Amino acid sequence: MYADVIIDISHEQLDKTFQYAVPDGLVDVIELGMSVDIPFGAGNRQITGYVVGLGDKAAYPVEKIKYITGITEGKVTAVSRMLKLAAWLKHNYGCTMNQAIKTVIPVKDKVKQKEKHSVNLIIDAAQAQKYLGTFAKKNAKARYRLLEALIKEPVIDESIIKSKLNITAQTVKAFEDMGIAEVRSEDMYRNPVRNVTGERKRIELNEQQKNAVDTIIADYDNGDYKTYLLHGVTGSGKTEVYLETIEHVLNHGRQVIVLIPEIALTFQTVQRFYHRFGDKVSIMNSRMSKGERYDQFLRAQRGDISVMIGPRSALFTPFSNIGLIVIDEEHEGAYKSETVPRYHAREVACHIAKEAGASVILGSATPSMESYYAAMNGHIQLITLDSRAGSGGLPAVDIVDLREELRLGNRTIFSNRLRELMSDRLAKHEQIMLFLNKRGVAGFISCRSCGKVMKCPHCDVSLTEHADGRLMCHYCGYTTPKITVCPSCGSRYVSGFRAGTEGVEAQVKKTFPQARVLRMDMDTTRGKDGHEKILSEFANGNADILIGTQMIVKGHDFPNVTLMGVLAADMSLYSSDYRASERTFQLLTQAAGRAGRAEKSGNVVIQTYTPEHFSIVSAANQDYNAFYEQEIAYRKLCGYPPADNLMKIMLSSPDEMLLTKSAAWVKAFVDNNCKYKGLMCIGPADAPIYKIKDVYSKIIYVKHKDREVLNSIHEKLDVNIVGNQAFKNINVQYDING
């Protein structure tokens, strides 16, 4: 057996591996991620390396390959643990070891470490007074001033010496040469938590919250580390349950990772955690500078912090003793990586917790089908909070049929009911949120007269319109020509639904010129603190109406918001995705949960062309169980996750003919070499956007109940594709349950 070993975790060295032979005595124990002692260089000096690959083929003449000396003694390092995790990612998500390593390890980058310099007096008081007299006689004013300051304060920050005392670097250097003082340097870590003021009172838990905390803590203290699904209606106080549990874990000397779905949640979330746990808390997000991110990893590795808050990348914080991982709003799509490896944070968190002996809390008002299915099958424990924590009740919900509005002659984006309630709230000086379900693209094709959506007859997902007008299903490849007349009612009002936040903002200002309006979308939040500024403005009452896309409905708590308007519920309902109903239910329920969270009662208006759809009716009734029962029946019937596992194989190439041949080869390979009972291989079909920047893409779907079967298929494919000249210009990626 041979092992590929890396000797340094840095961008420059990560792709450089050295091959070593594995001694017979280590063949059965060596594994990916292990720290090993190896002879290195001409002198065969002993150094430490990390195993990133194992195989039975020698890349060099056998006589030139050195043997691994042994497995490194002592405790497992953070790097070794993370490499082991990288190997697990490689196996479960179909990527290279290098791609996995770059995902999980705080890879050293060329980030200049900030340093703090101080000038320190190193002579005793008698000597200092003697020098002071000498400087006075020689009229050395700068030296006298510096020494006088150091006698009063023996350690002074170098920046203060330069700015306040007006002392030059030459004077400081002279003191060093004379042996009077020395300049000392220490690393200065950037702290990204800013502008946190005031104190937060400890909230008394209600009975349901207390029972939830007691259940988790009792198991934890007994060494029974479980995964819990905390299913609480919007406003039920899930965060207070997190805080109490985290405090218990911290008191036992262990660390906690808290995942949040978006940067938009950081502002309010960090305040709550920082007020409770002080500077033990740090954050991680993509808008921080490289230096800030690098510093947070160093602070975690050195034990300076105990709680890391951030999106899915925070999951790879190198804590030495993780006791708890919290995933708030666990249903969010943002927890699924869009780049290779296409891992899901929920699955990775459960694996990390299992390895570390830690608990996991998955919190949501609208749990993912995967989590609830696991709870219903006894794989994780369900804890329910079914009432709001404060005095506020659930809001009143109106479902407005936009077909009826059209028949009544209302062609504006506001239904009569929504316009009436907006006028009422503005008069009462209460706040309004308007949610647009998507960022203004044609998500589906439908008839404006009867509401019929053009769907695939084989897959029960909406068809996607291509540039030439053809409608296509991206699950099975079904295609139909452009439709100009509704096949249901004969109407010619057939088109894609288009709307954008800028257009909504213009309509609001035209209809309600007196209103102060804020817009929150990708365009208005591009800056480093874009989300925080807009949310702060709205929280401080400096705007009456907040318009936004999905980022405004996730987890925010604004006591004065008493009206939520959902302008186009159908835009997510008819996307070409088997999860469309689930995402629509989640978005509408979360949106409804933003209204009436304090003493004032709330209203929600859901505008839709399909008011009878079960996901919309269930969301309006805040009835998760009714939604789940219908949706899981559909998933079982169609063989979609979580009932079955689904692997998407994506092939892309600038050579269209080569791509077609390669996709056909992959399909034939799976059919001929992967004889598993119950396996289904569908495709190839064109990708939703077939050509981007002159690169063509095709998709093949493989279904099976057993996840390990899919893992074995992508590993078999890799063995036959890697190094195969026929695939030299083909990019192959895998996405499991994406």
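Note that this is a predicted model, so its numbers are computed, not measured.

Calculation notes
- Residues numbered from 1 in each chain as written.
- Predicted model: local features only at pLDDT ≥ 70, side-chain atom pairs only at ≥ 80, totals over all residues.
- Heavy atoms only, no water.
- Axes fitted to C-alpha atoms, helices over the stretch in contact; angles between N-to-C directions.
- Helix = DSSP H or I, 4+ residues; strand = E, 2+ residues; numbered from the N terminus.
- Parallel < 35°, antiparallel > 145°, perpendicular 65-115°, else oblique.
- Left-handed = near helix turned anticlockwise from the far one by under 90°.
- Contact = heavy atoms within 4.5 Å.
- Nonpolar A, V, L, I, M, F, W, Y, C, P; charged D, E, K, R; others polar.
- Salt bridge = Lys/Arg side-chain N within 4 Å of Asp/Glu carboxyl O.
- Buried < 20%, exposed > 50% of the residue type's maximum accessible area, 1.4 Å probe, protein only.
- 1 Å grid on protein atoms, 1.4 Å probe; cavity = no way out; pocket = protein on both sides within 12 Å on 5 of 7 lines; lining within 4 Å.
- Points joined across faces, edges and corners; volume = space filled by probe spheres on them.
- Pairing = 2+ DSSP bridges.
- Core = buried A, V, L, I, M, F, W, Y, C linked by side-chain atoms within 4.5 Å.
- Polar contact = N/O pair within 3.5 Å; in protein donor to acceptor, adjacent residues only side chain to side chain.
- pLDDT = per-residue confidence, 0-100.

Draft legend 1. Expanded view of the packing of helix H1 (residues 78–93) against helix H11 (residues 345–356). Interaxial distance between H1 and H11 falls to 12 Å at its minimum, and their mutual angle equals 140°. Accordingly, the angle class assigned to the pair H1 and H11 is oblique. When the axes of H1 and H11 are compared, the crossing they make is right-handed. When H1 is examined against H11, the residues Lys84, Leu85, Trp88, Leu89 and Tyr93 are found in contact with a partner set consisting of Glu347, Val348, His351, Ile352 and Glu355. Grouping the amino acids of the contact of H1 with H11 by side-chain chemistry returns six nonpolar, one polar and three charged.

Draft legend 2. Structural context of the packing of H1 against helix H22 (residues 707–721). Between H1 and H22, the shortest axis-to-axis distance is 7 Å and the interhelical angle comes to 95°. Classified by the angle their axes make, H1 and H22 are roughly perpendicular. Residues Lys90, His91, Asn92 and Tyr93 of H1 form the contact with H22, whose own contacting residues are Arg707, Glu708, Asn711, His714 and Glu715. Partitioning the contact of H1 with H22 into residue classes produces one nonpolar, four polar and four charged.

Draft legend 3. Local environment of the pattern of salt bridges. Taken as a whole and assessed by the stated rule, the structure comprises 33 salt bridges. Here aspartate 398 and arginine 417 are joined by a salt bridge, their closest N and O atoms 3.0 Å apart. Pair noted here: aspartate 398 is in strand E16 (residues 396–401) and arginine 417 is in helix H14 (residues 416–427), with a separation of 19 residues, a long-range link. Accessibility expressed as a relative area gives 25% for aspartate 398, which makes it partly exposed. Note that glutamate 631 and arginine 635 form a salt bridge whose closest N and O atoms lie 2.8 Å from each other. Remark: arginine 635 and glutamate 631 occur in helix H20 (residues 624–638); sequence separation between them is four residues, near one turn of the helix. In this structure, glutamate 631 and arginine 635 share a single accessibility class: buried. Salt bridges sharing partners connect three or more residues here, namely Glu330, Arg346, Glu370 and Arg579.

Draft legend 4. Structural detail: the layout of surface pockets. Roughly 1,400 Å³ of internal volume is contained in the second largest pocket. Along the walls of the second largest pocket sit 39 residues, with Lys90, Thr96, Asp718, Val719 and Val722 positioned nearest its centre. Those elements that provide at least two residues to the lining of the second largest pocket are strand E1 (2–6), strand E4 (45–55), H1, helix H2 (97–104), H22 and strand E30 (731–736). Counting residues per element, the lining of the second largest pocket draws most heavily on H22, which supplies five residues. A breakdown of the residues in the lining of the second largest pocket according to their chemical character gives 17 nonpolar, 14 polar and eight charged.

Draft legend 5. Structural view of the sheet that holds strand E19 (residues 464–465). Taken in spatial order, the three strands of this open sheet run E19-E20-E21, and their pairing is antiparallel. Here the strands that pair on one side only, and so sit at the sheet edges, are E19 and strand E21 (479–480). Pairing geometry for strand E20 (residues 471–472) and E21, over two bridges, is antiparallel. Bridged to methionine 472 within E21 is threonine 479.

Draft legend 6. Geometry of the pairing of strand E29 (residues 695–704). Taking burial as the measure, the ten residues of E29 include nine buried ones, the bulk of the element. Bridge count between strand E27 (residues 645–653) and E29: nine bridges; the pairing is antiparallel. Opposite isoleucine 649, over in E29, you have isoleucine 700 as the bridge partner. Two strands pair when backbone bridges link them, and strand E28 (residues 680–692) and E29 are joined in this way by seven bridges, in the antiparallel orientation. Counted as the bridge partner of alanine 685 is isoleucine 699 from E29. Counting the residues that bridge the hairpin from E28 to E29 gives two residues, and of these lysine 693 lies at a positive phi of roughly 50°.

Draft legend 7. Region of interest: the nonpolar core. Grouped together as the largest cluster of nonpolar side chains are 83 residues, with contacts concentrated most on Ile325, Val348 and Met564. Looking at which element gives the most residues to this core, the answer is H1, with eight residues.

Draft legend 8. Expanded view of the environment of tyrosine 67. As for its placement among the helices and strands, tyrosine 67 is situated in the loop between E4 and strand E5 (70–71). Along the backbone, tyrosine 67 and tyrosine 20 are 47 residues apart, and their C-alpha atoms lie at a distance of 5.4 Å. With sequence-adjacent residues up to four places away left out, tyrosine 67 is seen in contact with Tyr20, Ala21, Val22, Pro23 and Pro39.

Draft legend 9. Structural detail: the side chain of serine 35. The residue serine 35 is located in strand E3 (residues 35–40) in this model. Under the relative-accessibility criterion, serine 35 is labelled buried at 11%.

Draft legend 10. Highlighting the sheet that holds strand E2 (residues 18–21). Ordered by their spatial adjacency, five strands build an open sheet running E2-E1-E4-E3-E5, and the pairing between neighbours is antiparallel. The sheet is open, and its two borders are formed by E2 and E5, each paired with just one other strand.

Draft legend 11. Spotlight on the environment of serine 495. Position of serine 495 relative to the elements: it lies in strand E22 (residues 494–496). Spatially, the C-alpha atom of serine 495 lies 5.3 Å from that of isoleucine 445, the residues being 50 residues apart in sequence.

Draft legend 12. Summary view of unusual backbone geometry. In this chain, valine 340 is followed by proline 341 through a cis amide linkage whose omega measures -5°. Considering the arrangement of structural elements, one finds proline 341 in the loop between strand E13 (322–328) and H11. Of note, asparagine 44 is a non-glycine position whose phi angle comes to about 55°, a positive value. Here asparagine 44 shows up in the loop between E3 and E4. Looking at asparagine 44, the relative accessible area reads 39%, which means it is partly exposed. Look at asparagine 139: it is not a glycine, yet its phi comes out positive at around 60°. Inspection of the secondary structure puts asparagine 139 in the loop between helix H3 (125–137) and helix H4 (141–152).

Draft legend 13. Up close: the side chain of threonine 584. Take threonine 584: it is sitting in helix H18 (residues 580–592). A polar atom in the side chain of threonine 584 sits 2.9 Å from the backbone oxygen of alanine 580. Once you skip the residues sitting within four places of it in the chain, threonine 584 turns out to touch Ala569, Ser572, Leu573, Ser615 and Ile616.

Draft legend 14. Region of interest: the confidence of the model for the protein. Summary statistics for the protein give a mean pLDDT of 86 and a share of 89% for residues scoring 70 or more. At the level of individual helices and strands, the protein shows its lowest average pLDDT in helix H9 (residues 266–277), which scores 75, and its highest in helix H12 (residues 369–376), which scores 98.

Draft legend 15. Looking closely at the pairing of strand E12 (residues 307–310). Of the two faces of E12, the one carrying Val307 and Ile309 and the one carrying Met308 and Gly310 are both buried. With four bridges connecting them, strand E10 (residues 255–259) and E12 associate as parallel partners. Within the sheet, the bridge partner assigned to leucine 259 lies in E12 and is glycine 310.

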